[in-house]
Protein chains: 2
Amino acid sequence: MGDQVATLKDIAERTGVSVNTVSLALRGSPRVGQSTRERILESARALDYTPNHAAQSLVTRRNMTVGLLLTDMTSPVLTQVAQKLEIELKAKGYVTLLAASNGDGEEEERALATFRSRQVDGVLVYPNHRRHLDGIRRLAASGMPVILLAGKEVEGLDVVTIDEQHGSALAARHLIDLGHRRIGLIDSERATGNAEKIDGYRQALAEAGIEVDPALIVGPGGHGISQGYAAMAHLLTLPDPPTAVLASTDRIAMGGLRWCQENGIDVPTDVSVFGYDNVEYAEAAAPPLSSVNYPAEQIAQAAAELMLDRINTSADATKRIVLKPDLVIRSSTAGR
Amino acid sequence: MGDQVATLKDIAERTGVSVNTVSLALRGSPRVGQSTRERILESARALDYTPNHAAQSLVTRRNMTVGLLLTDMTSPVLTQVAQKLEIELKAKGYVTLLAASNGDGEEEERALATFRSRQVDGVLVYPNHRRHLDGIRRLAASGMPVILLAGKEVEGLDVVTIDEQHGSALAARHLIDLGHRRIGLIDSERATGNAEKIDGYRQALAEAGIEVDPALIVGPGGHGISQGYAAMAHLLTLPDPPTAVLASTDRIAMGGLRWCQENGIDVPTDVSVFGYDNVEYAEAAAPPLSSVNYPAEQIAQAAAELMLDRINTSADATKRIVLKPDLVIRSSTAGR
DNA sequence: TATCTCAGTATTAACGTTAATACAACGCAG
DNA sequence: CTGCGTTGTATTAACGTTAATACTGAGATA
């Protein structure tokens, strides 16, 4: 029963006023009389009225929706950001339309097209590739507010992200300060921030006057736990193995920790291991993992704020908000 | 330039035909002539036309959207399901509108209202409370397809979930088979499936003729890692501590593992620990955690299929799909 | 040649809402 | 008692699309 949803018209008929009066009353306009308003509100409640968003958005040209495009819906870092964003935007009345590109460029394009077709008011994107931003640029050029959540060096687009190079350099410096000179790097090619993280590592080593040994840099070809396991195996069975290892991801680091454990290599006595992202599980690793903290909350907050700005006020120059990450030192790192 | 989005009308004016002809042509109707069609398609491309979804949905009464309400956007299990669901639904042309209730009943209500207002074609829900389903029931009663993703005992609503009691019983039985008699249970009150998991534990013990010692059942008051840590501390400092512990969540189990590690208690020699969910990180725990596998992919697949069914064909009797979980045995469990 | 068919296109009316404007009734100042 | 602002409500026109129906001209049919 009552399979049809109630519309303004239904309320209007029931109360004997015009549709427009109902609309005004429900929106709290002072122009409708006390008693009429009450009758209308009561009818609305009785009919369990919910405004038809499509109709509203068609006429107001506001959708109260922002699109959020993630590269991976299961990444703890990304979902943390997504969670905060959702909360932040919801507080302002916006709904989050989520899509995942799962590392696929075509999926990314499709998601953007969907966002456009649905007339979202703005789009937040973790791009798949740092260089290949054509689709995103096109969308932005068409007047859609677009904010990138990775790729601090990007020109011509708003960006809110962390300084991944800085984080990486910080971690490397910390290891150097502990007395390490041979520091391995496991960096997954496709992970967000690839080149930047390698750059930070190089920078820290250069500053300390340590020559970079290319044999100590290994791309695991993925960012799963098993890839970290394999990469660590590779590094520690080298003729002249590193005494410390920097991983581009906690996942990778934890895979590495597992290899150490299985092979009787004590962390941090035999090797120090440094993660990246400060995932919740890093705390429960064996041993608890030192990691570069990804300030998800601040990113989300800044991004949400900027997004609302972009939606409500017409274009300024593009903005670039780059947060500096800090370190969380636990017990997977120690001096020589 | 071109800040205004192109509409059918623009294409119509440009090609000199009527709006309706354009609409037909773009939808591939055979009723429009070859040459006209080509001119229209070309114009559409030139103007970078994207259909206005709000307008479409207003008249077709199909939104091609399903709402997904999660209790926690950062839970690895839930996001895994969300990911698969998104992929599955996207393949059928549906977009996923995501919301998180974050364990708050009012947020849940608000999210459902949003879904309704946006005229989603269906709603998938991880409910906050098993008993308090009023809002969800009301939505379903209004004709909206609704599928619950937890709470196998629920009447009158479609449910796709796993048999949590069975999973829990399986795990307990495994520990019993290994020779354990004093088995602790850490079950977080609010986690999905609370009562069921306890029931499974009781059931397995009863079957084996082991009396349940209430002192061995501890509710950690949350499902974080630190709560698991504290709960394990509590259990293992008992006068007569358990020789095996079943945790209602991998997160909790991993918190427990950490406590053991810090306190020189070897797992599995001194205690066996069993997790629940088979989170990715379980594999990298120290030691790798035995866990009840949550078949996220199957859940998502079944839920998506049922949802499309509900959207496309009018109501049958409510359906209840309950998958049986299996165990993943790693090295955190061993015999006495 | 008159009629019938049919392909191709146009016209009209929805969908549910908001926005702009018009109207009616009323009290009140002049 | 005329005119005027005020208050409350109604009317009309949008928004961009689809659906139903109406028209038009040309070739086929009788």
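Residues numbered from 1 in each chain as written. Chains lettered and ligands numbered in written order. Predicted model: local features only at pLDDT ≥ 70, side-chain atom pairs only at ≥ 80, totals over all residues. Heavy atoms only, no water.

A.B. asks: Describe the relation of the copies chain A and chain B, listing the residues and the values that go with them.
C.D. replies: When chain A is brought onto chain B, the operation consists of a screw motion whose angular component is 180° and whose axial shift is 0.1 Å, with 0.1 Å RMSD remaining. Taken together, these values place the two copies in the relation of a two-fold axis. Same-surface contact between copies: 98% of interface residues of chain A are shared with the interface of chain B. (Least-squares fit on C-alpha atoms with pLDDT ≥ 70 in both. Contact = heavy atoms within 4.5 Å.)

A.B. asks: Can you break down the protein's contact with DNA strand D residue by residue, with the values?
C.D. replies: By nearness alone, 25 residues border DNA strand D, and S18, R31 and R61 of chain A together with S23 and Y49 of chain B come closest of all. Between a phosphate oxygen of DNA strand D and a main-chain N or O atom of L8 of chain B, the distance comes to 2.6 Å. N52 of chain B places a main-chain nitrogen or oxygen 3.2 Å from a phosphate oxygen of DNA strand D. Counting residues per element, the ones that place at least two in the surface near DNA strand D are α2 (19–26) and α4 (53–60) of chain A together with α2 (19–26) and α4 (53–60) of chain B. Ranked by residue count, the leading element in the surface near DNA strand D is α4 of chain B, at 4 residues. (Near = heavy atom within 4 Å. Polar contact = N/O pair within 3.5 Å; in protein donor to acceptor, adjacent residues only side chain to side chain. Helix = DSSP H or I, 4+ residues; strand = E, 2+ residues; numbered from the N terminus.)

A.B. asks: Run through a negative patch on the surface, naming residues and quoting values.
C.D. replies: A contiguous patch of negative charge on the surface is contributed by D104, E106, E109 and D134 of chain A. Within the secondary structure layout, E106 of chain A lies in helix α6 (residues 105–117). (Patch = residues over 30% accessible without salt bridge, like charges linked within 9 Å, V, L, I, M, F, W, Y side chains within 5 Å. Areas by Shrake-Rupley, 256 points an atom, 1.4 Å probe, with all protein chains shown as cover. Salt bridge = Lys/Arg side-chain N within 4 Å of Asp/Glu carboxyl O. Lys, Arg positive; Asp, Glu negative; His and termini not counted. Charge placed at Lys NZ, Arg CZ, Asp CG, Glu CD.)

A.B. asks: Quick rundown of the pairing of strand β3 (residues 122–125) of chain A? Include the residues and the values.
C.D. replies: All names here are of chain A. Going residue by residue along β3, you find G122 and L124 tucked away on one face and V123 and V125 tucked away on the opposite face as well. Bridge analysis of β3 against strand β4 (residues 146–148) gives 3 bridges, and the strand direction is parallel. Paired with V123 across the bridge in β4 is V146. Following the chain from β3 across helix α7 (residues 134–141) to the adjacent parallel β4, one finds a crossover that is right-handed. (Buried < 20%, exposed > 50% of the residue type's maximum accessible area, 1.4 Å probe, protein only. Pairing = 2+ DSSP bridges. Right-handed = clockwise from strand over helix to strand, strands pointing away.)

A.B. asks: Describe the nonpolar core, with residues and values.
C.D. replies: L85, L124 and L149 of chain A together with L85, L124 and L149 of chain B are the most contacted members of the largest nonpolar core, which has 150 residues in total. Beyond its immediate chain neighbours, meaning those up to four positions away, L85 of chain B contacts L68, L124, L149, A300, A303 and A304 of chain B. Counting residues in hydrophobic clusters, the runner-up holds 38 residues, among them A111 and L112 of chain A together with L112 and V154 of chain B. (Core = buried A, V, L, I, M, F, W, Y, C linked by side-chain atoms within 4.5 Å.)

A.B. asks: Tell me about the interface of chain A and chain B, and name the residues and values.
C.D. replies: With 57 residues of chain A at the interface, the matching set in chain B holds 56 residues. Carbon and sulfur atoms make up 53% of the area that chain A and chain B hide from each other, which totals about 5,000 Å². Viewed at the interface, chain B and chain A are joined by 8 salt bridges. E283 of chain B is paired through a salt bridge with R258 of chain A; the nearest N and O atoms lie 3.3 Å apart. The interface formed by chain A and chain B includes 30 residue pairs in polar contact (both at pLDDT 80 or more). Within the residue set of the side of chain A that touches chain B, elements represented by two or more residues are α4, α5 (76–91), β2 (95–100), α6 and α11 (250–262) of chain A. It is α5 of chain A that provides the largest number of residues to the side of chain A that touches chain B, a total of 8 residues. Of the residues that constitute the side of chain A that touches chain B, the class distribution is 25 nonpolar, 20 polar and 12 charged. (Buried area = accessible area lost by both parts, 1.4 Å probe. Nonpolar A, V, L, I, M, F, W, Y, C, P; charged D, E, K, R; others polar.)

A.B. asks: Describe the protein's contact with DNA strand C, with residues and values.
C.D. replies: The full set close to DNA strand C counts 26 residues, and L8, S23 and Y49 of chain A together with R31 and R61 of chain B are the nearest of them. Counting only the atoms of DNA strand C within 4 Å of the protein, the fraction contributed by sugar and phosphate is 67%. In this structure, a phosphate oxygen belonging to DNA strand C sits 2.6 Å away from a main-chain N or O atom of L8 of chain A. Between a phosphate oxygen of DNA strand C and a side-chain N or O atom of Q56 of chain A, the distance comes to 3.2 Å. Of all the elements in the fold, those that place two or more residues in the surface near DNA strand C are α2 and α4 of chain A together with α2 and α4 of chain B. Here the element with the most residues in the surface near DNA strand C is α4 of chain A; it accounts for 4 residues. Partitioned by chemical class, the residues of the surface near DNA strand C number 10 nonpolar, 12 polar and 4 charged.

A.B. asks: I'd like to hear about empty space enclosed by the protein, residue by residue, with values.
C.D. replies: The final tally for this structure, using the stated rule, is 1 cavity of 30 Å³ or more. Approximately 210 Å³ is the volume found for the largest cavity. Elements supplying a minimum of two residues to the lining of the largest cavity: α4 of chain A together with α4 of chain B. Here the residues of the lining of the largest cavity are counted per class, giving 6 nonpolar, 9 polar and 2 charged. (1 Å grid on protein atoms, 1.4 Å probe; cavity = no way out; pocket = protein on both sides within 12 Å on 5 of 7 lines; lining within 4 Å. Points joined across faces, edges and corners; volume = space filled by probe spheres on them.)

A.B. asks: How would you sum up the side chain of T50 of chain A? Please name residues and give values.
C.D. replies: Within the secondary structure, T50 of chain A is located in the loop between α3 (34–47) and α4. Judged by its relative accessible area of 13%, T50 of chain A is buried. Within polar-contact distance, the side chain of T50 of chain A engages the side chain of R116 of chain B at 2.5 Å. Residues within four places of T50 of chain A in sequence aside, it is in contact with A6 of chain A together with A113, R116 and S117 of chain B.

A.B. asks: Describe in detail helix α8 (residues 164–177) of chain B, supporting the description with residues and values.
C.D. replies: Residue pairs spaced three or four apart in an α-helix point in one direction, given the helix's 3.6 residues per turn. Residues and elements named next belong to chain B. With 14 residues, α8 extends 20 Å from end C-alpha to end C-alpha; this agrees with the ideal 20 Å at 1.5 Å per step. α8 sits mainly inside the fold: 10 of its 14 residues count as buried. Here α8 has its buried residues at E164, G167, S168, A169, L170, A171, A172, H174, L175 and I176. The N-terminus of α8 is capped by D163, whose side-chain oxygen sits 3.3 Å from the backbone nitrogen of Q165. (Expected span 1.5 Å × (residues − 1).)

A.B. asks: An account of the pattern of salt bridges is requested, with residue identities and associated values reported.
C.D. replies: Scanning the model with the defined rule gives 30 salt bridges over all chains in all. R116 of chain A is the partner of D48 of chain B in a salt bridge, and the nearest nitrogen-oxygen pair spans 3.1 Å. Here D48 of chain B is found in the loop between α3 (34–47) and α4, whereas its partner R116 of chain A is found in helix α6 on a different chain. Relative accessible area serves as the criterion here: at 38%, D48 of chain B is assigned to the partly exposed category. R116 of chain A gets classed as buried once you look at its relative accessible area, which sits at 16%. Residue E280 of chain A is joined to R251 of chain B by a salt bridge in which the shortest nitrogen-to-oxygen separation is 3.1 Å. Of this pair, E280 of chain A sits in the loop between β9 (272–277) and β10 (290–293) while R251 of chain B is found in helix α11 (residues 250–262), placing the two residues in two different chains. Look at E280 of chain A and you get partly exposed, because its relative accessible area is 32%. Exposure remark for R251 of chain B: the relative accessible area of 9% places this residue in the buried category. Ionic contacts of the salt-bridge type, sharing partners, join the residues E86 and K90 of chain A together with E107 and R110 of chain B into one network.

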